[in-house]
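Tertiary structure, described
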Amino acid sequence: MPNDALVSPGELTVSQGVAGTLPDGRSVIRWTIGSPSGVRAEVLSLGARLQALHVPDREGRRSNVVLGCERFGDLLGEGAYFGATVGRYANRIAGGVLPLDGKTHRLSTQETGHTLHGGRDGFATRLWEGVPVREGRRAGVRLRLHSPDGDQGFPGALTVEVTYLLDPAGQLRIGYRATTDAPTVVNLTNHAYFNLAGEGNGTVLDHLLSVDARGYLPVDAELIPAGPAARLLGTPFDLREARRIGDLVTDPDQQIRRAGAGFDHNFVLNGSGLRRVAVLSHPASGRRVECLTTEPGLQVYTGNHFDGALSGPSGRPYRRYAGIALETQHYPDSPNRPEYPSTVLRPGEEFRSMTVYRFSAE
């Protein structure tokens, strides 16, 4: 297809071009989705990835507010999760052990001995097929991936669709669908790291965060959930009112220390259906993003382990707290926790999930 506007509902535009080439010679496609609000999203076929998201501040100045990689090859290595669609199971499965219908499946694991974000070769490193789409007053791109039976040890052949849509007001909607030919588990999310000051522009320590939750899942030393949800009151996890991230990551709470001086925890959200679950704001620029989702959990990760090894499109290295991930999802290790909401998907059923990022400047 030509590198020009493919879909134009109103003032929305979608264009595409080649972003780069994989070592095996396959091309990675970039779709650019523009909105009259000034919000512009860039999506890559590699990992069905939100590569950039340009958002205006209170003065109308636009900056990219999600972290990316300066070197294209880093998206196949240390930067593989930046903005990617992660799966087949987002977050951790303890020991790579998946019990299902009386049978135990052994999954691909990382160096920790646990399965993280679908295994060593999860969805973030795959090349997805994409087409531009229009739904009402929204425009964007729909990406599709087939995951065969036994992929990373997971049972069942899984077909997955992820759709990125912008509307004229600049709301970014990410919709997920999946079907299977045999019982399996599915937990999908987007792994964008936000910095509302602009990618590469310092840390998120001056950002304010609120989360509408009734509890959070404490973790053990290997960041596996250690039991039922814990109370929020009197802890740094009580984000029912907006709090400054820099004050939270320095709290002496054992759970904050355990995650490397910050959050890497799943919040047990209030409500059901598509509802607002979190708000992240940056007082200096006025940028604000509301996160809405149909999911029961939100993994908040404050970039505690960035060490400067990766640089973004700005050319600046990402150091500790360079971004914050707000990963809407089911709970980690649910296959081994029958008390958690089920992530099992069976033939004849359809997995559906929706997350919306609503931007404003004040």
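Here the structure is a predicted model, which means the values were calculated and not measured. (Residues numbered from 1 in each chain as written. Predicted model: local features only at pLDDT ≥ 70, side-chain atom pairs only at ≥ 80, totals over all residues. Heavy atoms only, no water.)

**Things to note about the packing of aromatic side chains**
The condition that has to hold: Between rings of Phe, Tyr and Trp, where Trp is taken as its six-membered ring, a pair exists when centres lie within 6.5 Å; planes separated by under 30 degrees are stacked, by over 60 edge-to-face, and by other angles tilted. In this text, helices come from DSSP runs of H or I with a minimum length of four residues, and strands from runs of E with a minimum of two, each type numbered from the N-terminal end. Only protein chains enter the accessibility calculation, which uses a 1.4 Å probe; a residue whose area is less than 20% of its type maximum is buried, one above 50% is exposed, and one in between is partly exposed.
For the coordinates displayed, the defined rule picks out 13 aromatic pairs. With a centroid separation of 5.9 Å and an interplanar angle of 50 degrees, the aromatic rings of Phe-82 and Tyr-318 are classed as tilted. Here Phe-82, found in the loop between strand S5 (62-64) and strand S6 (85-86), pairs with Tyr-318, found in strand S26 (residues 317-319); they are 236 residues apart in sequence, far enough to count as distant. Judged by relative accessible area, Phe-82 falls into the buried class, the value being 3%. For Tyr-318, a relative accessible area of 2% translates into the label buried. In this structure an aromatic cluster arises from ring pairing among Phe-82, Tyr-193, Tyr-301, Phe-306 and Tyr-318.

**Considering the nonpolar core**
Filter applied, for reference: Only buried Ala, Val, Leu, Ile, Met, Phe, Trp, Tyr and Cys residues count toward a nonpolar core, and they belong to the same one when joined by side-chain atoms within 4.5 Å. Residue contacts are defined here by distance: any two heavy atoms, one from each residue, within 4.5 Å place the two residues in contact.
The biggest cluster of nonpolar side chains holds 64 residues, and the ones touching the most others in it are Leu-53, Tyr-164, Phe-194 and Phe-267. If we skip the residues at most four places from it in the chain, Phe-267 touches Val-211, Ala-213, Gly-215, Tyr-216, Phe-237, Leu-239, Pro-296, Gly-297, Leu-298 and Val-300.

**Considerations on the layout of surface pockets**
For the record, the criterion: Buried and open spaces are told apart on a 1 Å grid over the protein atoms alone, a cavity being a set of points where a 1.4 Å probe fits but cannot get out and a pocket being an open set with protein on both sides within 12 Å along at least five of seven lines. Residues with an atom within 4 Å of a point are the lining residues. Grid points are joined across faces, edges and corners, and a volume is the space filled by probe spheres set on the points. Charged means Asp, Glu, Lys or Arg here, nonpolar means Ala, Val, Leu, Ile, Met, Phe, Trp, Tyr, Cys or Pro, and polar covers whatever is left, Gly included.
Looking at the largest pocket, its volume works out to about 820 Å³. Lining the largest pocket we find 29 residues, and of these Tyr-81, Arg-92, Leu-116, Tyr-301 and His-305 sit closest to its centre. For the lining of the largest pocket, the secondary-structure elements that each account for two or more residues are strand S24 (297-301) and strand S25 (307-311). No other element matches the 4 residues that S25 contributes to the lining of the largest pocket. Taken as a whole, the second largest pocket encloses approximately 190 Å³ of empty space. Lining the second largest pocket, in full, are Glu-135, Arg-142, Glu-161, Thr-163, Leu-165, Arg-173, Gly-175, Tyr-176, Arg-177, Arg-352, Ser-353 and Met-354. Sorting the residues of the lining of the second largest pocket by element identifies strand S13 (158-166), strand S14 (172-180) and strand S29 (351-361) as the ones contributing at least two each. Tallied by class, residues from the lining of the second largest pocket come to 3 nonpolar, 3 polar and 6 charged.

**With respect to the pairing of S13**
Just so we agree on the cut-off: When DSSP finds two or more bridges between a pair of strands, those strands are recorded as paired.
Taking burial as the measure, the 9 residues of S13 include 9 buried ones, the bulk of the element. Residues Leu-158, Val-160, Val-162, Tyr-164 and Leu-166 line one face of S13 and the alternating positions Thr-159, Glu-161, Thr-163 and Leu-165 line the opposite face, and both faces are buried. In terms of strand pairing, strand S12 (residues 138-147) meets S13 through 9 bridges, oriented antiparallel. Note on S13: the bridge partner recorded for Leu-143 is Val-162. In this sheet, S14 lies alongside S13 in antiparallel orientation, the contact comprising 9 bridges. Bridged to Val-160 within S14 is Ala-178. Linking S13 back to S14 in an antiparallel pair, the connection comprises 5 residues, with Gly-170 at a positive phi of about 90 degrees.

**Side note on the sheet that holds strand S1 (residues 13-21)**
Note the cut-off: Axis angles are defined between N-to-C directions and span 0 to 180 degrees, where every axis is a line fitted to C-alpha atoms and, for a helix, only to the segment in contact.
Sheet architecture is open: 5 strands sit in the order S1-S2-S3-S4-S5, paired in antiparallel fashion. The open sheet has two edge strands with one neighbour each: S1 and S5. The average angle at which neighbouring strand axes cross in this sheet is 20 degrees, direction not considered.

**Some points on the side chain of Ser-311**
Structurally, Ser-311 is set in strand S25. You can call Ser-311 buried: its relative accessible area is 10%.

**Looking at the confidence of the model for the protein chain**
Fine structural detail should not be taken from predicted coordinates in areas where pLDDT scores are low. Selection criterion: Confidence of the predictor in every single residue is expressed as pLDDT, which spans 0 to 100.
On average, residues of the protein chain score 95 in pLDDT, and 97% of them are at 70 or above. Contacts from residues 1-9, a stretch scored under 50 in pLDDT, to residues over four places away or in other chains number 26 contacts.

**Digging into the pattern of salt bridges**
When their charged atoms lie close together, side chains carrying opposite charge are able to pair. Here is the rule we go by: Any carboxyl oxygen of Asp or Glu within 4 Å of a side-chain nitrogen of Lys or Arg constitutes a salt bridge here.
Under the defined criterion, the tally for this structure stands at 22 salt bridges. Residue Glu-135 is joined to Arg-142 by a salt bridge in which the shortest nitrogen-to-oxygen separation is 2.5 Å. Overall, Arg-142 belongs to the partly exposed group, its relative accessible area being 24%. A salt bridge links Arg-144 to Glu-161, with the shortest nitrogen-to-oxygen separation between them at 3.2 Å. Taken as a pair, Arg-144 in strand S12 and Glu-161 in strand S13 lie far apart in primary sequence, 17 residues in all. Salt bridges sharing partners connect three or more residues here, namely Arg-144, Glu-161, Arg-177, Glu-350 and Arg-352.

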